[in-house]
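The primary structure of each chain is shown beneath.
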Amino acid sequence: MSDYRILNTRAPRVDAWDKVTGKAQYTDDLKRPGMLYGAILHSPIGHGKILNIDTSRAENLPGVKAVITWKDVGTQPYGVSPARYDETIFCFDKVRYVGDEIAAVAAIDPDIAREAVNLIRVDFEPLPLVLDPLHAMDEGQSQLHEMYDHNICAKVNWNFGDIEEGRSEAAILRTDSLSSKMQDGAFMEPQSILAEVDGADNLTMWSSTQAPHYIQRTIAMALNHPLHKVRVIKPAVGGGFGPKASCSTAELAICMLALKTRRPVKFTFDREQVFLHGRARHQFHHTMTTGIHRDGTLAFLEHKCILDGGAYASFGIATVYYAGSLLGGPYRLKNMKYDGYRVVTNKPACGAQRGHGAVIARALFEVQLDRLAEELGMDPVELRLKNVMEAGETTCNELFVSSFGMKEALEAVRDSAAWKRKRGELGQTRANGTGIGAACGFFVSGAGYPIYRSKTYHATVVIKLEEVGGGVTVFSGAADIGQGSDTVLAMITAEELGVELNDIRVESGDSSRSVDLGAYSSRTTLMAGHACREAAQDVKRQILQAVATRLEIPPESLEIKAGKVISLTGEIDFSEIRREFLQEHKGFMDTPEGPELTFREASRIAFLELGSVVGTGKYKPPPLGGSFKGATVGTSPAFGCSAQIAEVKVDLETGEVSVERITGAHDCGFAINRTQVEGQMQGSMMMGMGEALMEQKIFDSEGRILNRNLAEYKIPTSLDMPHLESIIVESNEPNGPYGAKEVGEGAIMPVIPSILNAIYDATGVRIDELPVTPERIVEALQKKKLENEL
């Protein structure tokens, strides 16, 4: 039996009713009196100097209220990391990719705004393109930014332990490579922005963002507007996955148009603009050499990665660090060397996407483990079990794992998927088109430090009791982008206060309500959850203190359970308090009965004794980080881990892959909401499957995206989905609220490599380029056939 009434159950989501009935308000649903509509002019070329911008025809078009370029907004640099502010609101000297923003328009309707944009004339002097990340660093290549020598935006050179000693001790060494393509977040809701300013210059922006706090700061900085006069509100969001975590030119431009026209302005991306804006998964080129001892224990890992980051830095500094740091776990690895290079090219900027920076690196490493196991003649699952870390251990790059259910997760999927039996059966007929593969993963439960240098709390929560008694409102800056964080905060509050879930109302995603750094790095449950629990406990303390004062007893003798105040020391006469409550509510038909004092009565008494009852909570991680440069990236108060087994069928004639089943287990520490944990695992499985088999942005020789819509950018549909089994592992994280930690991103880590390993099991060929299209499988099979015939 659970010790909790609300937590660890399958409570329905608090936003479910609004979403299934169509009542949920997304940014594009919002309207304001006198609203104008925005449009943005994008560069038609990939790289070129701007010689002249002529806006006169657009300005003279009837219905146009404002046209702005860099001359109106200035050239203040901004970006994600203060160390790499390399963007300006509009291009002023040159454009760096097809889609770079040059100007914006506000007009009385969207058609006029778009027509006006088309009337703006820009003269360019084309410059040489840089499209191949593997040659972006070469001598003689065109330089995208003066600040990035040889087009290197960021580089990491790490060496932990003694690589050469590990190499000398290894019985088997392998060097393998894996590359991927740039990808899109493919969220259902395109980015949308609405901004307005009042008579006191208070600027309010509604946006489909993941990070209201960071966006608020960027708007204030880039527009030179007082920070306290900028408010960012996140309405309902139709998916984010990372690309909506950074501030966009569109957000800044629409705010500027609102300030200039003194009228509300709204703008929503079309799907092509979603692709042009980018900020999704980088393209990765990984090469790894791994050594292993004869007994199957790891000896060393040497790893080089080149990341194609597109035209601007965005989250790229963190990305190149994560690509190396998160290979420190979940296995014992004493010796690790990593050299990472994040280069800029004339493509849309890349940023963070689910499993930030670590997904493709994890895929190659897990594939290598299978290849090493094959050379040793060892079962791949047993090899992993031989190397997995346990709670209390520290990785070679100084990441401490305070809870760790990796062994339990791996054993769970092994047993649930009947790994040994199926592997044995398939082993008799390997490469017959049916295969099974395993892999593991490792990810943070929130970044250890904010993006900007600060001692700020990472999350604060304010909880207020309704003065009339009974109702509870949670105010949080946390961004629910579909992952269900509002439900988590409501469940924590209901559990702590001993009330029903439907008595809790959550107002979130508003920068004016509280501080929260945003929905990224799988941080919300642990960090906002801590703050929420503290705030709820503060409210509860005040309620019990007020009631105890009335009764002239110690507050420690009272508790709230199931909506009732109970005595821990024997019966108490609440009749005097009840009488006062009934006098206030003559004529009401829902007055309380029975010997216990209800929460409604108790919270009303608290108001009468104390005035408005408000509880506050806060959280920031303890000091984290190692002793080397860049050690803060990858730090976290806790780490999640996961294991998966994929089963596939491959048509050996056409190369078509059908994923038949994925069995996944994830250590989430403690499942606040079991249904939501499973949902996050299943979402990761779907997303990883898409990235493994079909997702890729396709560019032409001029840097234009050819498949910039969801008809030609392929993602899995319901017809592609296999049977998904989600197994929850709970390791009781000491640094998480109630023992909880991440699940939102970490569960994607094993998906790609488990599918790649299963495809090899089914075909006998390895694919070293993602996505694994039918064409690549057929080509590999034909190559193998020719080699066998020689």
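Read on for an overview of the structure. (Residues numbered from 1 in each chain as written. Predicted model: local features only at pLDDT ≥ 70, side-chain atom pairs only at ≥ 80, totals over all residues. Heavy atoms only, no water.)

### Considering empty space enclosed by the protein
Thought 1: Taken as a whole and judged by the stated rule, the model has 4 cavities of 30 Å³ or more.
Thought 2: Around the largest cavity sit Gln191, Ser192, Ile193, Ser207, Ser208, Thr209, Pro243, Lys244, Ser246, Ser248, Glu251 and His277, which together line it.
Thought 3: Across the lining of the largest cavity, the residue classes tally to 2 nonpolar, 8 polar and 2 charged.
Thought 4: The computed volume of the second largest cavity comes to approximately 50 Å³. (1 Å grid on protein atoms, 1.4 Å probe; cavity = no way out; pocket = protein on both sides within 12 Å on 5 of 7 lines; lining within 4 Å. Points joined across faces, edges and corners; volume = space filled by probe spheres on them. Nonpolar A, V, L, I, M, F, W, Y, C, P; charged D, E, K, R; others polar.)

### Concerning the environment of Gly99
Thought 1: Along the chain, Gly99 turns up in the loop between strand E4 (94–95) and strand E5 (101–107).
Thought 2: Spatially, the C-alpha atoms of Gly99 and Thr654 are 37 Å apart, while their sequence positions differ by 555 residues.
Thought 3: Excluding its chain neighbours within four sequence positions, the residues that come into contact with Gly99 are His42, Ser43 and Leu276. (Helix = DSSP H or I, 4+ residues; strand = E, 2+ residues; numbered from the N terminus. Contact = heavy atoms within 4.5 Å.)

### Re helix H16 (residues 575–584)
Thought 1: Within H16, burial applies to Ile577, Arg578 and Phe581. All buried residues of H16 fall inside an arc of 100 degrees around its axis, so they share one side. Summarising the geometry of H16, the exposed residues directed more than 90 degrees from the buried face are Glu576 and Gln583.
Thought 2: Among the structural elements, helix H15 (524–551), strand E22 (597–598) and helix H17 (599–610) are those in contact with the buried residues of H16. (Buried < 20%, exposed > 50% of the residue type's maximum accessible area, 1.4 Å probe, protein only. Arc of directions from axis to C-beta.)

### Digging into the sheet that holds strand E2 (residues 48–54)
Each strand in a sheet pairs with its neighbour through backbone hydrogen bonds, running either in the same direction (parallel) or in the opposite one (antiparallel).
Thought 1: Strand order in this open sheet of 3 strands is E4-E2-E6, and the pairing throughout is antiparallel. With one partner strand each, in any of the chains shown, E4 and strand E6 (121–126) form the two edges of the open sheet.
Thought 2: Bridge count between E2 and E4: 2 bridges; the pairing is antiparallel. The partner of Gly48 across the bridge, within E4, is Val95. (Pairing = 2+ DSSP bridges.)

### Focus on the sheet that holds E22
Thought 1: Here 3 strands make up an open sheet; going across it, the order is E20-E21-E22 and the pairing antiparallel. Both edges of this open sheet fall to strand E20 (558–561) and E22, since each of them pairs with a single strand only.
Thought 2: Bridge count for E20 against strand E21 (residues 564–567) is 4 bridges, and the pairing is antiparallel. Its bridge partner being in E21, Leu558 is matched across the sheet by Ser567.
Thought 3: Where H15 meets the sheet, it contacts E20, E21 and E22, and its direction lies at approximately 125 degrees from that of E20. (Axes fitted to C-alpha atoms, helices over the stretch in contact; angles between N-to-C directions.)

### Considering the nonpolar core
Thought 1: Core analysis: the biggest nonpolar cluster contains 101 residues, and Leu693 and Ile755 have the highest contact counts within it.
Thought 2: Tallying contributions element by element places helix H10 (residues 359–376) first for this core, with 11 residues.
Thought 3: With sequence-adjacent residues up to four places away left out, Leu693 is seen in contact with Val657, Val659, Ile755, Ile759, Pro771, Val772 and Thr773.
Thought 4: Ala478, Met491, Val539 and Ile605 belong to the second-largest nonpolar core, a separate cluster that totals 52 residues. (Core = buried A, V, L, I, M, F, W, Y, C linked by side-chain atoms within 4.5 Å.)

### Observations regarding the environment of Pro716
Thought 1: Mapped onto the elements, Pro716 comes out in the loop between helix H18 (674–693) and strand E26 (723–729).
Thought 2: A sequence separation of 707 residues divides Pro716 from Thr9, and the C-alpha atoms of the two residues are 30 Å apart.
Thought 3: With sequence-adjacent residues up to four places away left out, Pro716 is seen in contact with Met686, Met689, Gly690, Met694, Glu695 and Met721.

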